[in-house]
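A look at the structure
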Amino acid sequence: MLTTTAFTDLSAEMTGRVVTPSDPEWDATRQVFNLATDLRPAAIALPRDVSDVVAGVGYARAHGLRVAPQATGHNAAPLGALEDTLLIDVRELQEISIDPGAQRVRVGAGVKWERVAPQLSEFGLAGLHGSSPDVGIAGYSLGGGMGWLARKHGLQTNSVTAIELVTADGRAARVDATHEPDLFWALRGGNGNFGVVTAIEFAVYAVEDLYAGVMFFPFERAGEVLHAWTELAPTLPDELMTWASLLQFPDTPDVPEPVRGGSFAVVYGAFLGTEREGRDLLRPVRDLGPAMDTFAVVAPAALGDMAMDPPDPLPIVSANALLRDLPSAAVDDLVAAVGPDSGSPLAMVQLRLLGGALGRPSPGAGARATLPGTFSLFALGVPEDEASAATARAYLDDVERAVLRFRAGHYPNFVEEPADASAFFDADTWARLRNVKALYDPSDLFKGNHHIPPAEPGASAQGRSAS
Ligand SMILES: Cc1cc2nc3c(=O)[nH]c(=O)nc-3n(C[C@H](O)[C@H](O)[C@H](O)COP(=O)(O)OP(=O)(O)OC[C@H]3O[C@@H](n4cnc5c(N)ncnc54)[C@H](O)[C@@H]3O)c2cc1C
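Residues numbered from 1 in each chain as written. Predicted model: local features only at pLDDT ≥ 70, side-chain atom pairs only at ≥ 80, totals over all residues. Heavy atoms only, no water.

Quick look at the overall build of the chain
Tallying secondary structure elements over the chain gives 12 helices and 20 strands in all. Since a compact globule built from 467 residues should have a radius of gyration of about 23 Å, the 22 Å found for the chain is in line with a globular shape. Counting only C-alpha atoms and orienting by the principal axes, one finds that the chain spans roughly 65 × 50 × 45 Å. Within the chain, counting contacts between residues at least 6 apart in sequence, those at least 24 apart form 74% of the total. As displayed, the chain offers around 18,100 Å² of accessible surface, 51% of which is attributable to carbon and sulfur atoms. (Helix = DSSP H or I, 4+ residues; strand = E, 2+ residues; numbered from the N terminus. Rg over C-alpha atoms; globule rule 2.2 N^0.38 Å. Contact = heavy atoms within 4.5 Å. Areas by Shrake-Rupley, 256 points an atom, 1.4 Å probe, with all protein chains shown as cover.)

Remarks on the site of the ligand
Near the ligand there are 34 residues, and of these Ala71, Thr72, Ser131, Gly136 and Tyr411 occur at the shortest range. Measuring from an oxygen atom of the ligand, one finds a backbone N or O atom of Gly139 at 3.0 Å. Here Asn413 contributes a side-chain N or O atom positioned 3.0 Å from an oxygen atom of the ligand. A total of 950 Å² of accessible area belongs to the ligand in isolation, and the protein chains cover 97% of it. Going through the elements one at a time, strand 3 (66-70), helix 5 (137-143) and strand 10 (196-203) are the ones with two or more residues in the shell around the ligand. (Near = heavy atom within 4 Å. Polar contact = N/O pair within 3.5 Å; in protein donor to acceptor, adjacent residues only side chain to side chain.)

Some points on the sheet that holds strand 1 (residues 17-19)
Pairing is mixed across the open sheet formed by 4 strands, whose spatial order is 1-2-4-3. Whereas interior strands pair on both sides, the edge strands pair on one side only; in this sheet they are strand 1 and strand 3. Across the sheet, the mean angle separating the axes of adjacent strands is 25° when strand polarity is ignored. With 3 bridges joining them, strand 2 (residues 43-46) and strand 4 (residues 85-89) adopt parallel strand pairing. By the bridge assignment for strand 4, Ala43 is matched with Leu86. The sheet strands contacting helix 3 (residues 50-62) are strand 3 and strand 4, and the helix crosses strand 4 at an angle near 170°. (Pairing = 2+ DSSP bridges. Axes fitted to C-alpha atoms, helices over the stretch in contact; angles between N-to-C directions.)

Let's talk about helix 9 (residues 275-286)
Over its 12 residues, helix 9 extends only 14 Å from the first C-alpha to the last, a length that falls short of the 16 Å expected when each residue adds 1.5 Å. What helix 9 keeps buried is the set Gly278, Leu282, Val285 and Arg286. For helix 9, the arc enclosing every buried residue in end-on projection is 70°, short of the 170-degree limit, so these residues lie on one face. Check the buried side of helix 9 and you find it contacts strand 12 (211-218), helix 8 (222-232), strand 13 (240-248), strand 14 (263-271) and strand 15 (292-293). (Expected span 1.5 Å × (residues − 1). Buried < 20%, exposed > 50% of the residue type's maximum accessible area, 1.4 Å probe, protein only. Arc of directions from axis to C-beta.)

Some words on the packing of aromatic side chains
Each pair of aromatic rings is reported with the distance of its centres and the angle of its planes. Using the criterion set out here, one finds 13 aromatic pairs in the structure. One aromatic cluster is present, formed by Trp113, Tyr140 and Phe202 through successive ring pairs. Lying over the aromatic face of Phe295, Arg286 brings its terminal NZ or CZ to 5.3 Å of the ring centre. Residue placement shows Arg352 over the ring face of Trp243; its charged tip is 3.6 Å from the ring centre. (Phe/Tyr/Trp six-rings, centres within 6.5 Å; stacked < 30°, edge-to-face > 60°. Lys NZ or Arg CZ within 6 Å of the ring centre and 35° of its normal.)

What about the pairing of strand 5 (residues 96-99)?
Strand direction decides the pairing type here: strand 5 and strand 6 (residues 104-108), joined by 4 bridges, are antiparallel. Across the sheet, Ser97 pairs through a bridge with Arg106, a residue of strand 6. The antiparallel pairing of strand 5 with strand 6 creates a hairpin that spans 4 residues between the two strands, and Gln103 there sits at a positive phi of about 55°.

By themselves these figures say nothing about function.
Here's what the structure looks like:
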């Protein structure tokens with residue numbers, strides 16, 4: 001282990017800062033979105049430009065450290081122990097350029113969706129962001145990125161057109177479909193295992209009509225609502241994305257008045273079409289008589305915080321599953337586990353409709369091309385202490401038990417604990433990822449939050465010459 005004073009050499013090489021455990025800002029700098037995560041790297045480098053990243057990567061390599069790249073820290077929990085690791089935190093790479101005519105965006109790797117989505121909306125465009133504007137474009141895109149327009153346009157990672165990064169040998173590169181295509185393929189799904197991304201370029205989409213909003217039902221009606229929604233959702237066209245959640249809001253001043261302290265069964269929708277068509281499609285749910293209904297014709301910017309995700313860091317325990325199906329009996333099991341009579345403290349149990357473009361590999365896609373299944377399930381608790389964390393985990397286990405037999409796979413962006421990343425890919429994709437890793441990072445310098453180790457020497461050559 002290096003002493004903290006050793007990082008003064010790196011500081012001298014960089015324009016940006018290096019923060020070590022002896023610095024007063026250490027705790028604030030290492031804090032991430034999930035307050036239950038206690039990141040303790042050897043030091044944190046905060047590059048201001050590409051040459052700072054080159055310096056950080058070179059320094060780590062020369063001193064026998066590993067490198068964990070990070071943008072916002074929204075999914076840092078799976079990183080686990082970071083002894084002998086330099087965290088390269090790109091939060092200060094904040095460049096944005098938007099070409100509305102070409103429908104292309106290039107952002108520095110520290111940019112969050114909240115800085116881009118409202119600007120795009122002014123041009124009648126939308127990026128494929130997810131439920132929270134606070135999430136970073138880099139980590140979201142490198143892991144997949146399942147958002148409001150995903151059934152029409154697929155995972156965000158498939159819309160990435162070029163990635164700029166610093167590789168393990170300290171080289172600044174720009175990779176795309178024709179330049180180092182193997183690396184470009186692996187980055188799109190392989191997250192932080194292949195280099196420190198400094199900028200990312202992606203396609204965005206014209207939105208002519210958008211009818212979107214949320215229907216709130218009393219929590220007691222959770223069973224009825226989820227039955228109606230799970231029957232309707234798989235029949236809907238790709239233009240309509242819909243989610244259904246059981247939400248229990250805290251009674252705190254940051255939560256808006258109409259929902260503060262309340263519990264609800266809610267149905268969300270974002271429809272790329274007219275209000276009349278959208279109303280027709282959602283009629284079976286609306287006929288149940290929501291207590292509050294915010295659906296309206298909106299600009300794309302309205303999707304930014306429509307999911308009402310918490311904006312500020314908080315302690316989180318979570319569970320997730322991609323589901324082949326969710327038949328009526330499983331809905332009953334889920335409602336029994338976390339519905340109105342369960343005593344569940346979980347803040348959110350969310351189902352998202354999959355299918356459409358999420359299930360169709362697009363030409364030239366990367367390692368994470370599609371997601372299997374009909375529904376994604378994500379549940380989370382916000383415990384205040386160890387005892388409430390244990391209670392929340394018990395309810396999360398009940399959620400997993402209720403749907404276990406329908407599990408079709410995992411979605412790594414929603415896996416918020418250390419996990420075996422081989423479970424996230426089919427065997428061929430996993431082998432190819434490991435081969436690309438062996439080519440570009442044979443000494444395993446980079447530690448993504450879901451780790452992909454290099455192939456052993458002599459392993460199958462699959463992927464090495466793929467384009
Ligand atoms: C409130 C909330 C809402 C969410 N909603 C959605 C959603 O709707 N849809 C969805 O798909 N996901 C969603 N997610 C999950 C989100 O996509 C992941 O947490 C994602 O990893 C966050 O990326 P980040 O850059 O913000 O976080 P980080 O923790 O900074 O990054 C996560 C990982 O990405 C890699 N990475 C990040 N930056 C770089 C870089 N510069 N170079 C190389 N690798 C890098 C690293 O492996 C890193 O550990 C949500 C998460 C939260 C907390």
